[in-house]
There are 2 protein chains.
Amino acid sequence: MPKKKVSIKEIASAAGVSSALVSMVLNGKAKQYGIGEEATQRVLRIAREMNYQPNIMARGLRSGKSHLVGLVVADIANPFFAKLAREIEKQASEHGYTVIYGSSDDNSRRLNSFMQTLVNQGVDGIIAIPCEDTIKIAAELQEQKFPLVLVDRDYTDMEISSVLLDNEQAGRQITDYLITAGYRHIAFVAYSGDLSHIHGRLLGYQKAMQAHGLAEKVYRFNKDESRESIRAFLSSIRSGDETVDALIFANNTLTIEGLYMIRETCLRVPEDVALFGFDGGNAFDLFTPPVSYVRQPITEMGRQAFQLLMKQLEATEPLPAEKVVLQSSFVYTASSKSRSERK
Amino acid sequence: MPKKKVSIKEIASAAGVSSALVSMVLNGKAKQYGIGEEATQRVLRIAREMNYQPNIMARGLRSGKSHLVGLVVADIANPFFAKLAREIEKQASEHGYTVIYGSSDDNSRRLNSFMQTLVNQGVDGIIAIPCEDTIKIAAELQEQKFPLVLVDRDYTDMEISSVLLDNEQAGRQITDYLITAGYRHIAFVAYSGDLSHIHGRLLGYQKAMQAHGLAEKVYRFNKDESRESIRAFLSSIRSGDETVDALIFANNTLTIEGLYMIRETCLRVPEDVALFGFDGGNAFDLFTPPVSYVRQPITEMGRQAFQLLMKQLEATEPLPAEKVVLQSSFVYTASSKSRSERK
DNA sequence: AAGATAAGCTAAATCGTTTCAGAAGGCAAT
DNA sequence: ATTGCCTTCTGAAACGATTTAGCTTATCTT
């Protein structure tokens with residue numbers, strides 16, 4: 001359709017009016033500025049005929065707004081973030097915004113530099129999955145009242161709008177469930193590092209174990225060598241060196257790695273160990289037996305995140321930070337069948 | 001760091017020079033314009049001290065370039081596209097570009113409107129996964145010499161730069177493999193619709209079957225009701241109403257759906273049917289038995305796509321379209337074990 | 001000493017849009 | 001006729017960066 005780029009000036013001269021008038025009409029401010037009915041119609045008609053498309057750069061320069069929002073996830077190839085991104089993109093487009101995205105790999109250097117890039121690119125606001133050292137740049141942005149929303153992970157000490165899962169509750173609930181199902185030697189497995197959501201899940205697990213007077217078994221593996229560590233760990237379960245009858249994997253990628261290693265070490269589920277993971281997905285469902293998991297309300301998280309951002313974008317004065325905490329649901333399958341049932 | 005937004009003018013007055021000079025220095029064109037060493041250093045120092053960040057909008061308005069590229073995939077939540085997006089994002093950032101993305105759901109209306117949005121947003125170029133009716137807008141853009149690269153699917157009649165898989169070869173190769181492994185009643189299963197990559201895979205399948213004088217068995221299911229159709233289809237294989245001893249699923253989402261239904265109908269793999277899918281993934285590996293698949297060189301596709309786009313972005317004159325065709329590799333697992341082996 | 005050349009810098013235009021201050025014309029009231 | 005007041009519209013500035021054309025000096029040439 002767009003033959004050549006048509007500017008407001010060309011429309012103005014074609015319609016025999018000033019470019020100011022054209023701008024006003026095209027922005028729907030005809031009445032507000034008291035433009036005559038006849039001129040209004042003429043301009044609208046001509047603009048349509050010439051297929052006018054506003055120049056975003058010029059508009060942005062003038063207004064200081066770009067209608068772009070930045071999205072920084074840990075890894076777009078992780079289904080959890082992909083789904084989140086999908087929802088945010090949808091919300092954005094419904095509200096006239098476009099999304100610029102990038103993956104940080106939970107590397108704070110990359111995250112910082114990408115955030116900086118986004119700001120330079122002139123985005124109006126940012127939604128980010130923070131990682132351990134996001135604090136620095138987040139604090140800076142926050143201080144400048146730059147619209148910012150954090151998702152999935154929290155920094156309780158900072159007054160930044162966030163959308164979070166009630167991770168402690170989730171951790172507690174699945175641990176309680178496993179205990180009720182008759183398991184006593186429940187291990188909590190996570191990557192090492194200090195990500196708040198993992199911390200919350202761990203806390204829930206610990207409280208549940210303590211409440212029942214059971215010994216905590218927490219295993220944390222370095223991400224770089226997780227395969228080997230997990231394999232060794234599972235082997236020692238199989239050999240009986242470690243007394244563990246149930247495993248809680250603290251996030252989705254770790255669960256997947258765990259499944260690979262479980263298959264490799266020929267551990268039987270749930271006969272040798274029961275399983276609980278996070279986030280679900282095809283691999284969870286198609287594993288034999290299907291894997292129980294905590295389901296996060298991803299769509300809702302995306303919706304809320306964009307909502308919070310919009311509030312800030314539209315606010316004329318600085319807004320107080322707002323933290324939204326969502327509850328998870330649970331999918332109980334054969335991988336965590338109760339001990340009595342399976343005998 | 002950025003206390004307030006600093007403009008080139010403020011630097012100019014702080015340094016006691018004109019804003020033109022500052023612009024030249026900051027763009028590294030000091031020598032080119034014959035700026036004195038002393039002035040150059042002073043400006044650089046002050047710019048650093050004031051933490052100058054160029055205003056992209058202003059620069060874009062002047063230059064007509066945004067250093068933004070648009071990426072339209074079918075669905076970012078599909079691992080294939082997510083990985084592709086990841087690579088493109090990486091390439092882009094290495095070359096000073098930022099990516100705006102969106103999902104089309106293979107819906108041509110959405111794709112068209114999003115492409116239009118991208119153009120309006122002032123992206124310098126677009127990488128897109130086209131769907132059936134992308135032709136219209138692609139042709140328009142092409143005609144205007146707008147930088148555009150299509151990935152994964154082809155429209156042979158259009159002169160548009162593309163990165164493609166040799167789908168016919170892939171289809172042929174896995175069919176040949178299954179035939180050699182002793183299967184004779186090989187079914188090709190795909191969604192209905194006319195997507196070129198599926199067509200290529202089908203063609204390869206057909207040629208292989210013909211070459212061996214075997215009867216083709218092509219099944220195409222409507223995406224909306226695929227679960228039910230596949231279930232019915234698999235049931236009739238199980239009951240013996242359909243004589244099929246091997247299944248080729250034409251893409252990844254369909255393969256996954258197939259796996260769910262295979263489990264549901266309790267078909268044994270490969271005793272009842274052998275399996276071959278596309279793209280791989282955790283679910284493929286963790287299924288029992290692991291599923292054989294065609295592995296696409298996703299990283300390479302992303303790299304090449306960005307490369308082709310860059311060429312167009314940097315070219316001063318219109319470039320001839322270029323089509324890159326990549327070869328796939330294969331992962332042979334228990335799901336397609338040869339008949340003799342498994343007896 | 002006059003003109004040429006070069007080095008180092010600046011004024012101003014430009015990109016397309018928005019918006020403010022106010023102009024022009026018509027009309028009514030004084 | 002003057003003033004005031006609408007209604008409808010326009011000129012011009014502003015946003016920030018880039019670039020062209022050209023202005024000063026100083027130096028060199030003859």
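Look up a bit, the structure's there.
Residues numbered from 1 in each chain as written. Chains lettered and ligands numbered in written order. Predicted model: local features only at pLDDT ≥ 70, side-chain atom pairs only at ≥ 80, totals over all residues. Heavy atoms only, no water.

Peer 1: For this particular structure, what's the right way to read the overall build of chain A?
Peer 2: Helix and strand counts for chain A come out as 14 helices and twelve strands. Its C-alpha radius of gyration of 26 Å places chain A more than 25% over the 20 Å reference for a compact globule of 343 residues. Here the C-alpha coordinates of chain A stretch approximately 90 × 40 × 30 Å along the principal axes. The buried share of chain A, taken over its 343 residues, is 53%. Across chain A, every contact between residues at least 6 apart in sequence was considered, and the portion connecting residues at least 24 apart equals 70%. Of the roughly 15,200 Å² that chain A leaves accessible, carbon and sulfur atoms contribute 49%. Within chain A, the 41 negative side-chain charges are centred at a point lying 6 Å from the centre of the 40 positive side-chain charges. (Helix = DSSP H or I, 4+ residues; strand = E, 2+ residues; numbered from the N terminus. Rg over C-alpha atoms; globule rule 2.2 N^0.38 Å. Buried < 20%, exposed > 50% of the residue type's maximum accessible area, 1.4 Å probe, protein only. Contact = heavy atoms within 4.5 Å. Areas by Shrake-Rupley, 256 points an atom, 1.4 Å probe, with all protein chains shown as cover. Lys, Arg positive; Asp, Glu negative; His and termini not counted. Charge placed at Lys NZ, Arg CZ, Asp CG, Glu CD.)

Peer 1: Honestly, the protein's contact with DNA strand D in this entry has me stumped. Any pointers?
Peer 2: By nearness alone, 26 residues border DNA strand D, and Gly36 of chain A together with Ile8, Tyr52, Arg59 and Arg62 of chain B come closest of all. Among the atoms of DNA strand D lying within 4 Å of the protein, the sugar-phosphate backbone contributes 61%. Here Ser23 of chain B contributes a side-chain N or O atom positioned 3.0 Å from a phosphate oxygen of DNA strand D. With respect to DNA strand D, the side chain of Asn27 of chain B contributes an N or O atom lying 3.1 Å from a phosphate oxygen. Broken down by secondary-structure element, the contributors of at least two residues to the surface near DNA strand D are helix H2 (19–26) and helix H4 (56–63) of chain A together with helix H2 (19–26) and helix H4 (56–63) of chain B. In the surface near DNA strand D, the residues fall into 14 nonpolar, eight polar and four charged. (Near = heavy atom within 4 Å. Polar contact = N/O pair within 3.5 Å; in protein donor to acceptor, adjacent residues only side chain to side chain. Nonpolar A, V, L, I, M, F, W, Y, C, P; charged D, E, K, R; others polar.)

Peer 1: When you look at the pairing of strand E6 (residues 186–191) of chain B in this model, what are you seeing that I'm missing?
Peer 2: All names here are of chain B. Summarising burial for E6: six of the six residues are buried, a large majority. In E6, alternate side chains face the same way, and those of Ile186, Phe188 and Ala190 on one face and Ala187, Val189 and Tyr191 on the other are all buried. Pairing geometry for E6 and strand E8 (residues 246–249), over four bridges, is parallel. Note on E8: the bridge partner recorded for Ile186 is Ala246. (Pairing = 2+ DSSP bridges.)

Peer 1: Looking at this model, I keep getting lost on the sheet that holds strand E10 (residues 292–295) of chain A. Mind explaining?
Peer 2: Strand pairing in a sheet takes place through backbone hydrogen bonds and is either antiparallel or parallel in direction. Residues and elements named next belong to chain A. Spatially, E7-E6-E8-E9-E10-E12 is the arrangement adopted by the six strands of the open sheet, whose pairing is mixed. The sheet terminates laterally at strand E7 (217–221) and strand E12 (329–331), the two strands that pair on one side only. On average, each strand axis in the sheet is tilted by 20° relative to the strand beside it, whichever way the strands run. Bridge count for strand E6 (residues 186–191) against E7 is five bridges, and the pairing is parallel. (Axes fitted to C-alpha atoms, helices over the stretch in contact; angles between N-to-C directions.)

Peer 1: Any chance you could explain the pattern of salt bridges here in plain terms?
Peer 2: Proximity of charged atoms lets side chains of opposite charge pair with each other. Evaluated as defined, the whole model comprises 30 salt bridges over all chains. Of the charged contacts in the structure, one is a salt bridge between Arg153 of chain A and Asp152 of chain A, with a shortest N-O distance of 3.3 Å. The pair Arg153 of chain A / Asp152 of chain A is uniform in exposure class, with both members buried. Among the charged side chains, a network of salt bridges with common partners joins Asp75, Asp105 and Arg110 of chain A together with Arg86 of chain B. (Salt bridge = Lys/Arg side-chain N within 4 Å of Asp/Glu carboxyl O.)

Peer 1: What should I look at first to understand the packing of aromatic side chains in this one?
Peer 2: Geometrically, a pair of aromatic rings is defined through the distance of the ring centres and the angle of the planes. All chains considered together, the criterion is met by 21 aromatic pairs over all chains. Ring geometry for Phe80 of chain A versus Phe81 of chain A: centroids 5.1 Å apart, planes at 70°, classification edge-to-face. A relative accessible area of 4% means that Phe80 of chain A is categorised as buried. Relative to Phe276 of chain B, the ring of Tyr177 of chain B has its centre 6.2 Å away and its plane inclined at 75°; by these criteria the two rings are edge-to-face. Here Tyr177 of chain B is found in helix H8 (residues 167–180), whereas its partner Phe276 of chain B is found in strand E9 (residues 274–278), with 99 residues between them in sequence. (Phe/Tyr/Trp six-rings, centres within 6.5 Å; stacked < 30°, edge-to-face > 60°.)

Peer 1: Is there a simple way to explain the interface of chain B and chain A in this structure?
Peer 2: Think of interface size as the accessible area that goes away when the parts come together; that is how it is often given. Counting from both sides, the interface comprises 52 residues of chain B and, opposite them, 51 residues of chain A. Summed over both sides, the interface of chain B with chain A buries roughly 4,500 Å², with 55% coming from carbon and sulfur. By the criterion of area lost to chain A, the three top residues of chain B are Met57, Tyr101 and Leu286 of chain B, representing 18% of everything that side buries. Viewed at the interface, chain A and chain B are joined by four salt bridges. Of the charged contacts, one joins Arg86 of chain A and Asp75 of chain B as a salt bridge, the two residues approaching to 2.7 Å between their closest N and O atoms. (Buried area = accessible area lost by both parts, 1.4 Å probe.)

Peer 1: Got a minute to help me understand H2 of chain A in this structure?
Peer 2: In an α-helix, one turn spans 3.6 residues; hence positions three or four apart end up facing the same way. Residue and element names in this part refer to chain A. Here H2 has its buried residues at Leu21, Val22 and Val25. The buried residues of H2 occupy an angular sector of 100° when projected down its axis, which confines them to one face. Those residues of H2 that are buried are in contact with helix H1 (8–15) and helix H3 (37–49). Positive backbone phi, approximately 70°, marks Gly28, located one or two places after H2. (Arc of directions from axis to C-beta.)

Peer 1: I tried to follow the nonpolar core on my own but got confused; where do I start?
Peer 2: In a soluble, globular protein the nonpolar side chains are often hidden away together inside. If you look at the biggest cluster of nonpolar residues, it comprises 88 residues, and the most contacted ones within it are Ile126 and Ile186 of chain A together with Ile126 and Ile186 of chain B. Once you skip the residues sitting within four places of it in the chain, Ile186 of chain B turns out to touch Thr175, Leu178, Ile179, Tyr205, Met209, Lys217, Asp245, Ala246 and Ile248 of chain B. (Core = buried A, V, L, I, M, F, W, Y, C linked by side-chain atoms within 4.5 Å.)

Peer 1: Explain unusual backbone geometry here, please?
Peer 2: Leaving glycine aside, a negative phi is the common case for residues, and trans is the common case for peptide bonds. Residue and element names in this part refer to chain A. In this model, Val269 is joined to Pro270 through a cis peptide bond whose omega is 0°. Turning to its location among the elements, Pro270 is positioned in the loop between helix H11 (252–265) and strand E9 (274–278). Of note in this structure, Asp105 is not a glycine but carries a positive phi near 60°. Tracing the backbone shows Asp105 in the loop between strand E2 (98–103) and helix H6 (108–120). For Asp106, which is not a glycine, the phi torsion comes out positive at approximately 55°. Since its relative accessible area comes to 24%, Asp106 is described here as partly exposed.

Peer 1: Looking at this structure, I do not really get the environment of Val189 of chain B. What am I missing?
Peer 2: With respect to the helices, strands and loops of the structure, Val189 of chain B is situated in strand E6. The contacts of Val189 of chain B, once residues within four sequence positions are left out, are Tyr219, Phe221, Phe233, Leu247, Ile248, Phe249, Ala250 and Leu254 of chain B.

Peer 1: What exactly am I supposed to notice about the packing of helix H10 (residues 226–238) of chain B against helix H11 (residues 252–265) of chain B here?
Peer 2: Think of two packed helices as two axes; the pair is described by the angle between the axes and how far apart they sit. Residue and element names in this part refer to chain B. Taken N-terminus to C-terminus, the directions of H10 and H11 make an angle of 50°; their axes are 9 Å apart at the nearest point. When the axes of H10 and H11 are compared, the pair comes out oblique. Helix-helix and strand crossings are classified by hand; for H10 and H11 the assignment is right-handed. Across from Ser226, Arg227, Ile230, Arg231, Leu234, Ser235 and Arg238 in H10, the residues of H11 making contact are Leu254, Glu257, Gly258, Tyr260, Met261, Ile262, Glu264 and Thr265. (Parallel < 35°, antiparallel > 145°, perpendicular 65-115°, else oblique. Left-handed = near helix turned anticlockwise from the far one by under 90°.)

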